[in-house]
Amino acid sequence: MVEYGGGIANGPAGQVAGHSGSSPLGQPVDVFAGISHTFNDAANFVLSQPPEVLVVGIVIFFLGLVVLKRAF
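About the cut-offs
Residues numbered from 1 in each chain as written. Predicted model: local features only at pLDDT ≥ 70, side-chain atom pairs only at ≥ 80, totals over all residues. Heavy atoms only, no water. Helix = DSSP H or I, 4+ residues; strand = E, 2+ residues; numbered from the N terminus. Buried < 20%, exposed > 50% of the residue type's maximum accessible area, 1.4 Å probe, protein only. Areas by Shrake-Rupley, 256 points an atom, 1.4 Å probe, with all protein chains shown as cover. Patch = residues over 30% accessible without salt bridge, like charges linked within 9 Å, V, L, I, M, F, W, Y side chains within 5 Å. Salt bridge = Lys/Arg side-chain N within 4 Å of Asp/Glu carboxyl O. Phe/Tyr/Trp six-rings, centres within 6.5 Å; stacked < 30°, edge-to-face > 60°.

S.K.: So what's going on with the overall build of the chain? Which residues, and what values?
M.R.: Counting its regular elements, the chain contains 4 helices and 0 strands. Tracing the chain from N to C terminus, the helices and strands come up as α-α-α-α. Counting all 72 residues of the chain, 7% fall into the buried class. By element, 71% of the accessible surface of the chain is carried by carbon and sulfur atoms, the whole surface being about 6600 Å².

Written as structure tokens, this is what we have:
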């Protein structure tokens, strides 16, 4: 743990200075992490699909655009 910098955060200097950049619960707060993980997971899901599914998805997307254009 000390080799990776854990000794500084958990040692005497960390106890005196406190933990900067973290919440009272001890976990760092990153408000937009959930959003970025959602986009990353969605992109990974789409890219992992076989080509046939991607083609069907593109066709459905463009058919949806045509339907929306006629509706408005």
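S.K.: Any details on a nonpolar patch on the surface? Residues and values, ideally.
M.R.: Together, Ile58, Phe61, Phe62, Leu65, Leu68 and Phe72 make up an exposed nonpolar region whose accessible area comes to about 710 Å². As for its placement among the helices and strands, Phe72 is situated in the segment after helix 4 (51–71).

S.K.: If you had to explain the packing of aromatic side chains to someone new, which residues and values would you point to?
M.R.: In the structure shown here, the tally under the stated rule is 1 aromatic pair. On the numbers, 5.5 Å between centres and 70° between planes, the contact of Phe61 with Phe62 is edge-to-face. Phe61 sits in the exposed class, given a relative accessible area of 53%.

Treat this as a map of the structure, not an account of what it does.
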